[in-house]
Each structure stands twice: as structure tokens, then as C-alpha cells.
Amino acid sequence: MDGRLIIRNERIETAEKLTSENPATLEPVGEASLASEAVCGRAVQAAKEAFPVWRTLPPRKRGEIFRKAEKILARRAEEAGRLISLEKGSPYAESLAVEVFGSLQALSYYAENQERLLRPHAAAHHVPLFYNKKSAFHFHPLGPTLVISPWNFPFLIPFCDVLSAMTAGNTVVLRPSTTTPLTALLLGEVFVEAGLPPGVLNVVVCRVPLAEAMIVHPDVQTVMFTGSVGTGKRIMELCSRNLTNLTLELGGKDPMIVLKDADLERAARGAVWTSFMNCGQSCGSIERVYVDREVVESFTARVVELTGAVKVGNPLDSGVDMGPMANAGQLKVVMEHIEDARTKGARILAGGNRPAALPGYFIEPTVLDRVDHKMKVMAEETFGPTLPIMPFESQDEAVALANDSRYGLTASVWTRSRRQAEWFAERLEAGSVTTNDHMYSFVEPRAIWGGIKQTGMGRSHGPYGLHELVNIKYVSMDFLGKPSQTWWFPYDRGLERLLEKTITVYHGQGLARKLGAALSLRPELPRILRTSSVLNYVKSLPRIFKG
Ligand code: NAD
């Protein structure tokens, strides 16, 4: 385990160290170097200097580097999976399935599509007077990108962000959570080994004030932030200083809606997995379950039964389904939410306590009912293994309850009816709505990730995610060779007449009026011929007739 920072592909040891803690045993996992202000400055400088090299490297060559990284990570998958489990506490199978496999899939997607994703594409014209121009959208990188990532998926989240930023042609400084620094350094190591040009990806672990200093650094062009709403607001404030481009992937309070025609076995299993995987520490965890009153009893009974079978223990032991919370602070929040619900009248149907025999930040998977939106567990992000269940009487009520949140990341509806699924998808306020599944789309690189309301701004992943990281440039060519444009000076009476008639031709009421206006344009023909292409007018005839 190498805790040295990565700048220009070199490993940097600093005097100040940070100890990474295993949340299951509370023993140290290892030490990471902590960057000073000067070291953070060197990282930004390295990204700045590498930018001209990286942005001009042919996409095919970038794809080859990503392909190499894919093979290296596949070879080091077990090591990565174990380190993630050690630092964050997720069971080894989960670290492999979500974080390592997800990162490998992202690598192969960006490697395969490197040449295609941001190719310029033609921009057609709607205004007939511009028909002769040839225009296109081009996608240009912006420059050094600062990725600030959380601890809850310490490998996959920065992996996807770093890959998107580099695919867009940007260079990166990755500043990971101080809770999980070693995992992020391993990520960087994979790219160094793959032969990424020096300075394209730099990984620096530093304290918050130095992270803030990097945000306001004039050479940082984009900040990609994933974390809590409170920190997101602070980052936005800091980005306002230089109007730095920003994406914010913040909290969630995802609802699951179970209709009476749902496959209840699948719904119950889905709820238990999505609420408790990663010890509930996923922005896309199911944190609120709304069930049709007709089936709520049988659904709840099955959920409680399945929860009883979730094995809590050391994440590196085979057969363990749920490890500890990643840190003491988060554990405290979850216990507070459960206590708040309990005192306000909720019933704890399973869990609710800390297992006495385990030393780390463990908590039992917890199922609650008799909950309402006045309780923190239904209104605020819990970010822990809680599964509160609330019945609904009508579909409209289910939608109203689901949308009654300051968050809007993802939502799911569980039904056998495609029509019902579409009805809900139309009405749920979220960045993604899935049917009979939840949260899988984070690892689908062709999907998007992100949400509305206080869940954040912008989208990550896939082609739409890339658009947040580039200058979308409109490039237009006019080689018609006319000495002037029709609408340029002089503003004489002839031009006024021409414009009056043209407006009627394109936007007037009734074909007869339009044709009349078109015929009355005859005196203006010399001006039209002198300043534009007759073809523009001919090509627009279908529009004139249609309108
Ligand atoms: P956090 O906001 O405390 O920290 C996130 C990162 O920002 C960490 O690296 C932290 O060290 C850093 N940071 C904190 N204050 C900072 C500041 N003032 N300037 C610069 N950097 C600062 O969040 P967390 O506890 O690490 O992660 C959990 C949160 O992340 C949850 O709210 C969760 O919903 C959210 N999250 C969202 C998504 C998403 O895609 N929407 C994904 C994962 C996690």
C-alpha cells in the first residue's frame, strides 16, 4: 500500500501523514502523505502543463491508454477490492461487484468510444436566410479539472469522474476524501502504470482549507464535486469567485413505490438490497418506501424476514452481507435518525441497535413503519441502513409523497404494468426513474447520473455528462462570396419592405396571403440576389406551404 501522492506520475512523500482507519476493526490500514499548500500548487501546475499535451493526443491513443489501464486494473482487481473493503468497510464481494467491476466497465466504455464521443457534428439551420452556411458543434476541453470525491464509493465515483474529464480532453487533480485516501492513490497508480502522460492525472490528499484554495485557483477551469448538500453549497460559493465551471452531485432521499400488482418477492428483495448495500451509504440508496395499502402488510413481513437474514460482520469474511458504517460521524447521524423516529411514534420492526460484539462502526439493518414526513428518517438524508415503510391509498398520493423532498436523485416504481410505470416515470421528480430495479444505473456508463432540486446541478456519465466538461463551440462557415448580407446596413425603405414581406411569407396567416407577399417581393429581387442565395428561398418553400 503506497500512501505517497502522485504528481507528474511521480510518487511524492510529505512530512505530514494521515492515518487511514479500518472502520470494522478501528485499526490503521496505512498512512497517506498529506499535501502542503506548495504541493497542491504543484499538482495544479502539473495539470496545467500537461493540458496542451493531453488535449492534442489523438483520441485513439487515449483509448489505448485506457485499454491498458483496464487490463492493469483487471489484474489488480483483488488488491483493489480488498483495499476498498479495508478502508470503507463494504463486503469484499460488493467492493468487487460495484466499485471494481463498475470502474472496469467505465474504462472499457471510454476506451471503446474515445474517438466517437466528442466528434464534431453538423448543426443544421432553421432560419432560411442561413441555409447556405455550413455549421457544426465542436467540443473543446476546458483545462485542469479538480475532482473532489467522497468516501462512500471511494474508487468508482472518482474513477468515473476522472475518466469523463480525461475523455473530454481535460487534465485532472483528484482530491479524494481524507477518510479513504489509499483507495484513490491506487486509482492513480493504475493510470501511471498504464502510461498516462505525466501531469494528466495527479492525486493529492489534503485538508479542507487547501482543497478550497485549489477550487479558487485561477488555473482550475472545472470543479467536479460529489458530496453533501452543505459542502456543495460552499463549493458553489467558492466557484462563483472565478465563475469556475461546476458540477454538483449531492445528496439523495430516494423513494421506492410498490404498486399492488408488483412482484412482491422481487420488490422486497430489491428494497432490502438497495437500502442496506454499502451499509446504506449510497446517494442512490432507497431511503423511503411507499407501498399500496392493499399489499403493505405482506410486503413488510417479507422485508423483515429478509432483513433478519442479512449477515453483518467483518467485510473481508466470506458470507458477510453488510459491513460497518465508514466513519463515526455518519454512524451518529443514523442513530439520531432512528431515535428521532422512535420518539415520534415509529415502530422498529428489525434492527435499530448497534451489534454489541463488533468493535467497529457497526449498526444493524433497520426496518421501520408507522413513519411520516415529520421524522428525519423520511425527510433528511440518513445515509445509513434504514428502510422506513409507509402505506399509500392512491397513485396520486404516492407521487405526492415521493416528490415531497428537497432531493431528486433517483426513484423507482415496482409494478408488472408498463403503462403504470410510464405514468409514474412522467410524474416523479428525479434525475432517473427505474422500474423493478434501483440504483443500477450508476454503473451503466451510457446512462446519466445526477438530479434536481438540492441533489445538485449538471449530469455526470455518458455523452450528456461529457457536455458539462467541455466548451461546446459553434463553428460556422460562409463561403457564398456575396459582398453583404441582406439584413446589414443600409437600413433603407427597400430593406424595410423586404423584411415586412418576408415576415408575412414565413409567419403570416393563410397560404394566399403568403403567396401574395412572396409575389410582391419581386421589386426586391436584385437586392436578394446581391446579398443571399436564391437557393435559401427555394429550399424553404416546403416550410412556407406547410405553415
Ligand atoms: P462531504 O460533503 O462531507 O465531503 C465530500 C468531499 O468534499 C470530501 O472529500 C471532503 O473532504 C470534501 N470537502 C468537505 N468540505 C470541503 C470544502 N469546504 N471544500 C472542499 N472540499 C471539501 O460528503 P461525504 O460525507 O464525503 O459524502 C457523503 C455525501 O455525498 C452524501 O450526502 C451523499 O449523498 C453524497 N453523495 C452524492 C452522490 C451523487 O452522485 N449524487 C454520490 C455519492 C455521495
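Up top is the structure.
This text gives an overview of the structure that appears in the document. Throughout this description, residue numbers start from 1 for each chain and increase along the sequence as written. Reporting in this predicted model follows two pLDDT cut-offs: at least 70 for local features of residues, and 80 or more for side-chain atom pairs to be given and counted; totals over whole chains, interfaces and linings ignore these cut-offs and use all residues. Hydrogen atoms and water are omitted, and side-chain values are computed over all heavy atoms in the structure.

1. Things to note about the sheet that holds strand β13 (residues 286–292)
Then step 1. DSSP bridges decide pairing: two strands pair if at least two such bridges lie between them. What counts as a helix is a DSSP run of H or I of at least four residues, what counts as a strand is a run of E of at least two, and both are numbered from the N terminus. Reading across from one edge, β14-β15-β16-β13-β12-β18-β19 is the order of the seven strands in this open sheet, with mixed pairing throughout. Of all the strands in the sheet, just β14 (347–350) and β19 (432–435) have a single pairing partner and so form its edges. When the angles between neighbouring strand axes are averaged without regard to direction, this sheet yields 25°.
Then step 2. Judged from the three bridges that link them, β14 and strand β15 (residues 366–369) form a sheet pairing that is antiparallel. Every axis corresponds to a line fitted to the C-alpha atoms, with the helix fit spanning only the stretch in contact, and the corresponding angles, defined between N-to-C directions, vary from 0 to 180 degrees.

2. Overview of the site of the ligand
Then step 1. Nearness is defined per residue: one heavy atom within 4 Å of the molecule or strand is enough. As a matter of local geometry, the ligand sits amid 29 residues, with Arg175, Glu212, Ser228, Leu250 and Glu381 nearest to it.
Then step 2. In this structure, an oxygen atom belonging to the ligand sits 2.8 Å away from a side-chain N or O atom of Thr231.
Then step 3. For the purposes of these results, a polar contact is taken to be a pair of N or O atoms within 3.5 Å, where, inside protein, one atom must be able to donate a hydrogen and its partner to accept one; residues adjacent in sequence count only when each atom of the pair is a side-chain atom. Residue Trp449 places a side-chain N or O atom 2.8 Å away from an oxygen atom belonging to the ligand.
Then step 4. Here the open area of atoms and residues is found with the Shrake-Rupley method and a 1.4 Å probe, where only the protein chains shown may cover a residue. In the complex, the protein chains occlude 89% of the 840 Å² of accessible area that the ligand would expose alone.
Then step 5. Cavity means a closed set of points on a 1 Å grid over the protein atoms alone, one where a 1.4 Å probe fits but cannot get out, pocket means an open set with protein on both sides within 12 Å along at least 5 of 7 lines, and lining means a residue has an atom within 4 Å of a point. Cavity and pocket membership follows a simple rule, namely that a molecule belongs there if more than half of its atoms are within 2 Å of the grid points. One can see that the ligand is located within the largest pocket.
Then step 6. Secondary structure elements with two or more residues in the shell around the ligand: α7 (208–215), β10 (222–226) and α8 (229–242).
Then step 7. With four residues, α7 is the single largest residue contributor to the shell around the ligand.
Then step 8. Asp, Glu, Lys and Arg are counted as charged, while Ala, Val, Leu, Ile, Met, Phe, Trp, Tyr, Cys and Pro are counted as nonpolar; the rest, among them Gly, fall into the polar class. In terms of residue class, the shell around the ligand is made up of 15 nonpolar, nine polar and five charged.

3. Considerations on the packing of aromatic side chains
Then step 1. The pairing test for Phe, Tyr and Trp rings, Trp by its six-membered ring, is centres within 6.5 Å, and the orientation test on the planes gives stacked under 30 degrees, edge-to-face over 60, and tilted for anything in between. Tallied over the full model, the rule gives eleven aromatic pairs.
Then step 2. Here Phe66 and Phe191 contribute two aromatic rings whose centre-to-centre distance is 6.3 Å and whose plane-to-plane angle is 75°, an arrangement assigned as edge-to-face. A residue pair is termed long-range when its members are at least 10 positions apart, and Phe66 in helix α2 (residues 59–75) and Phe191 in helix α6 (residues 181–194) qualify at 125 residues.
Then step 3. Summary of the burial criterion: residues with accessible area below 20% of their type's maximum are buried, those above 50% are exposed, and those between are partly exposed, where the area comes from a 1.4 Å probe applied to protein chains only. In this structure Phe66 comes out as buried when scored by relative accessible area, which is 0%.
Then step 4. Residues Phe489 and Tyr491 carry aromatic rings whose centres are separated by 4.9 Å and whose planes lie at 65° to one another, so their mutual orientation is edge-to-face.
Then step 5. According to the relative accessible area criterion, Tyr491 is exposed, its value standing at 57%.
Then step 6. Cluster of aromatic residues (ring-pair linked, three or more members): Trp54, Phe66, Phe155, Phe159 and Phe191.
Then step 7. Sitting over the face of the ring of Trp54, Arg62 holds its NZ or CZ atom 5.2 Å from the ring centroid.
Then step 8. Comment: the charge-over-ring label is applied if NZ (Lys) or CZ (Arg) is within 6 Å of the ring centre and within 35 degrees of the ring normal. The ring of Tyr92 has Arg82 lying over it, and the distance from NZ or CZ to the ring centre is 4.4 Å.

4. Here we look at a nonpolar patch on the surface
Then step 1. Taken together, the side chains of Leu511, Leu515, Leu525, Leu529, Val534, Leu535, Val538, Leu541 and Phe545 present a nonpolar region at the surface, about 750 Å² in accessible area.
Then step 2. Every element with two or more residues in the nonpolar patch is listed here: α17 (511–519), α18 (525–531), α19 (534–539) and α20 (541–546).
Then step 3. Per element, the largest residue contribution to the nonpolar patch is three residues, and it comes from α19.
Then step 4. Locating Leu515 in the fold gives a position in helix α17. Patch building starts from residues that exceed 30% relative accessible area and form no salt bridge, then joins like charges within 9 Å and nonpolar side chains (Val, Leu, Ile, Met, Phe, Trp, Tyr) within 5 Å. What counts as a salt bridge is simple: a side-chain nitrogen of Lys or Arg found within 4 Å of a carboxyl oxygen of Asp or Glu.

5. Digging into the packing of helix α3 (residues 77–88) against α6
Then step 1. α6 packs onto α3 with a crossing angle of 160° between their chain directions and a minimal axis gap of 8 Å. By the angle between their axes, α3 is roughly antiparallel relative to α6. Between α3 and α6 lies a crossing of left-handed hand. Side by side, α3 and α6 meet where Glu79, Ala80, Leu83, Ile84 and Glu87 of the first sit next to Pro181, Leu182, Thr183 and Leu186 of the second.
Then step 2. For the contact of α3 with α6, the per-class residue count stands at six nonpolar, one polar and two charged. Angular relationships are summarised with four words: roughly parallel below 35 degrees, roughly antiparallel beyond 145, roughly perpendicular across 65 to 115, and oblique for the angles in between. Left-handed describes a crossing in which the near helix is turned anticlockwise from the far one by less than a right angle; the clockwise case is right-handed. Residue contacts follow a heavy-atom distance rule, with two residues in contact if any of their heavy atoms lie within 4.5 Å.

6. A few points about the nonpolar core
Then step 1. In this structure, Met166, Phe191 and Leu201 are the most contacted members of the largest nonpolar core, which totals 95 residues.
Then step 2. When residues in this core are grouped by element, the largest group, nine residues, is from helix α4 (residues 92–117).
Then step 3. Among residues more than four places away in sequence, those in contact with Met166 are Trp54, Arg62, Phe66, Gln114, Val172, Phe191, Leu196, Val200 and Leu201. In these notes, a set of buried Ala, Val, Leu, Ile, Met, Phe, Trp, Tyr and Cys residues joined through side-chain atoms within 4.5 Å is what counts as a nonpolar core.

7. Some details on the sheet that holds strand β22 (residues 470–477)
Then step 1. Across the sheet, three strands lie side by side as β5-β6-β22; this open sheet has antiparallel pairing. Edge positions in the sheet fall to β5 (121–122) and β22, since each of these pairs with one other strand and no more.
Then step 2. Pairing of β5 with strand β6 (residues 134–141), which is carried by two bridges, proceeds in the antiparallel orientation. Opposite Ala122, over in β6, you have Ala136 as the bridge partner.

8. Quick notes on the pairing of strand β7 (residues 145–148)
A regular strand places its side chains on the two faces of the sheet in alternate fashion.
Then step 1. Covered by surrounding structure in β7 are Thr145 and Val147 together with Leu146 and Ile148, the residues of both alternating faces.
Then step 2. Here β7 pairs with strand β8 (residues 172–175) via four bridges, running parallel. Residue pairing for β8: Val147 is matched across the bridge by Leu174.
Then step 3. Crossover β7 to β8 through helix α5 (residues 156–167) is right-handed.
Then step 4. One ladder, built from four bridges, connects β7 with β10; its direction is parallel. By the bridge assignment for β10, Thr145 is matched with Thr222. Classification remark: right-handed applies to a crossover when, strands pointing away from the viewer, the course from the first strand over the helix to the second runs clockwise.

9. Considerations on the side chain of Ser540
Then step 1. Assignment of secondary structure puts Ser540 in the loop between α19 and α20.
Then step 2. Classification of Ser540 by relative accessible area gives buried; the value is 1%.
Then step 3. A distance of 2.8 Å separates polar atoms of two side chains, one belonging to Ser540 and the other to Tyr506.
Then step 4. If sequence neighbours within four positions are ignored, Ser540 has contacts with Pro128, Tyr131 and Tyr506.

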